[in-house]
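Working through the structure, step by step
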Amino acid sequence: MATGLLESIDRSTQLAGHNRLALLLFRLGPRQVFGINVFKVQEVIRRPRLSSMPSSHPLVAGVADIRGRVVPVIDLHRAIGGPAVTETSAAHVIVAEYSRSVQGFLVQAVDRIIHVDVATVQPPPETGTESFLTAITRYGEELVEIIDVEKVLAAVTGDRPGMSDAMQAQAMELDARGRRVLVVDDSKVARTQIEKVLAQLGIECVTATDGKDALRQLQGMADRGPLDEQLLMVISDVEMPAMDGYRLTTEIRRDPRMKGLYVLMHSSLSGIFNHAMVERVGADRFLPKFSSDELAEAVVERLKAIQIRH
């Protein structure tokens, strides 16, 4: 099963940049169908023997030795508010890389890989309660719920460390007054993390929840005047509903009013493939999530370049 799955994942990478999304479907209960971006998946394995860690977070079911590496395994059903899984109710572990770390997600069953048009992927409905979903879509008659994994990981690891004193001191030497950055990310957790860094730099943050929303805002700004007078840069996630970061960057480069806009791709996806795609669509830089200092350094470098130019 694992070999066939990985071959399917490799084929799915060909969809990147074409506003298509490849999802690995899995179940946490008999009826619920959930999805995860296949680019993040390293492998799917049968539930291994888990060793408990006395000081670990309650959502961590244990750690497993996977190919010689100790990997924490998160009880995904419990993480989104369901009951804790048992050895009989959770048969598989999805091994995935997010934000420079590898972890396993305990699930009941793995279904299949589907390819959907990003335009059919929509934000989850507002319910008034905390949601661990980042988007929803339909595949045939089934409703597929896409989990905000970054939010799950934030619940387990806590807040990311803020900027170091050295980085803050370097930032204070620059005048960022009046500077604005457009942050594009479908994860509220990710947007909040970026906003905190920008606030420490004294930079105003404008947000968009996906590429389509961002493009609409950029077009409105361009109608009002030169973009370089309104925005320092765009910081965009890659995988998003409605329009992904690759397509957003492509559309920015196609519009003469926007083509000079500095675009930083900021994604929990990493690896050579993503660097190649970022270069292909014309983004200025790629930065894997999430390091407060590295993000701040990238913004500071952009500030310095602007100030030297002027």
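Let me sum up the structure you'll find in this document. (Residues numbered from 1 in each chain as written. Predicted model: local features only at pLDDT ≥ 70, side-chain atom pairs only at ≥ 80, totals over all residues. Heavy atoms only, no water.)

1. Digging into the pattern of salt bridges
Convention followed: Salt bridges are counted wherever a side-chain nitrogen of Lys or Arg sits within 4 Å of a carboxyl oxygen of Asp or Glu. Think of it in three bands: residues with accessible area under 20% of the maximum for their type are buried, residues over 50% are exposed, and the middle band is partly exposed, with areas taken using a 1.4 Å probe on protein chains only. Every helix listed is a DSSP run of H or I at least four residues long, and every strand listed is a run of E at least two residues long, numbered separately from the N terminus.
Within this structure, the stated rule accounts for 15 salt bridges. Asp111 is paired through a salt bridge with Arg112; the nearest N and O atoms lie 2.8 Å apart. Among the residues examined, Arg112 registers a relative accessible area of 31% and is labelled partly exposed. Across the salt bridge formed by Lys289 and Asp237, the nearest N and O atoms sit 3.6 Å from each other. Residue Lys289 is found in the loop between β15 (285–288) and α9 (292–309), and its partner Asp237 is found in the loop between β13 (233–236) and α7 (245–254); the two are separated by 52 residues along the sequence. Residue Lys289 is classed as buried on the basis of its relative accessible area, which comes to 1%. Among the residues examined, Asp237 registers a relative accessible area of 1% and is labelled buried. Each of Arg27, Asp111, Arg112 and Glu142 takes part in a single network of salt bridges with overlapping partners.

2. Some points on the packing of helix α6 (residues 211–224) against α7
Here is the rule: An axis is simply a line fitted to the C-alpha atoms; with a helix, the fit covers only the stretch in contact. Between two such axes, the angle follows the N-to-C directions and lies from 0 to 180 degrees. Should an angle fall under 35 degrees it is called roughly parallel, over 145 degrees roughly antiparallel, and 65 to 115 degrees roughly perpendicular, with every other angle called oblique. By convention, the crossing between two helices is left-handed when the near helix turns anticlockwise from the far helix through less than a right angle, and right-handed when the turn is clockwise. In what follows, residue pairs with any heavy atoms lying within 4.5 Å of each other are defined as contacts.
The geometry of α6 relative to α7 is characterised by a closest axis approach of 9 Å and an angle of 20° between their N-to-C directions. Between α6 and α7, the crossing angle belongs to the class labelled roughly parallel. The crossing of α6 and α7 is right-handed. Residues Gly211, Ala214, Leu215 and Leu218 of α6 form the contact with α7, whose participating residues are Leu248, Glu251 and Ile252.

3. Describing the packing of aromatic side chains
Rules: By convention, a stacked pair of Phe, Tyr or Trp rings (six-membered ring in the case of Trp) has centres within 6.5 Å and planes under 30 degrees apart, an edge-to-face pair has planes over 60 apart, and any other such pair is tilted.
For the coordinates displayed, the defined rule picks out one aromatic pair. Between Phe26 and Phe34, the ring centres sit 6.0 Å apart and the planes meet at 20°, which makes this aromatic pair stacked.

4. A look at the sheet that holds strand β7 (residues 101–107)
What counts, and what does not: Strands qualify as paired when DSSP identifies two bridges or more between them.
Taken in spatial order, the five strands make up an open sheet running β3-β6-β7-β5-β4, and their pairing is mixed. Lying at the two open borders of the sheet, with one neighbouring strand each, are β3 (41–46) and β4 (60–66). With strand direction ignored, the average angle separating the axes of adjacent strands in the sheet is 30°. Sheet topology places strand β6 (residues 92–98) next to β7; seven bridges connect them, and they run antiparallel.

5. Notes on unusual backbone geometry
Omega for the bond connecting Lys289 with Phe290 falls within 30 degrees of zero, at -20°, which places this linkage in the cis form. In this structure, Arg67 takes a positive phi of about 55° despite not being glycine. Topologically, Arg67 is positioned in the loop between β4 and β5 (69–75).

6. Focus: the sheet that holds strand β2 (residues 33–37)
Spatially, the five strands line up as an open sheet ordered β8-β1-β2-β10-β9, and their pairing is mixed. Looking at the sheet topology across the chains shown, the edges are occupied by β8 (109–117) and β9 (133–139). Averaged over all neighbouring strand pairs, the angle between strand axes comes to 35°, with direction disregarded. As paired strands, β9 and strand β10 (residues 142–147) are joined by six bridges and run antiparallel to one another. When the sheet's bridge partners are listed, Ala135 is paired in β10 with Ile146.

Limitation: the analysis is restricted to geometry and does not speak to function.
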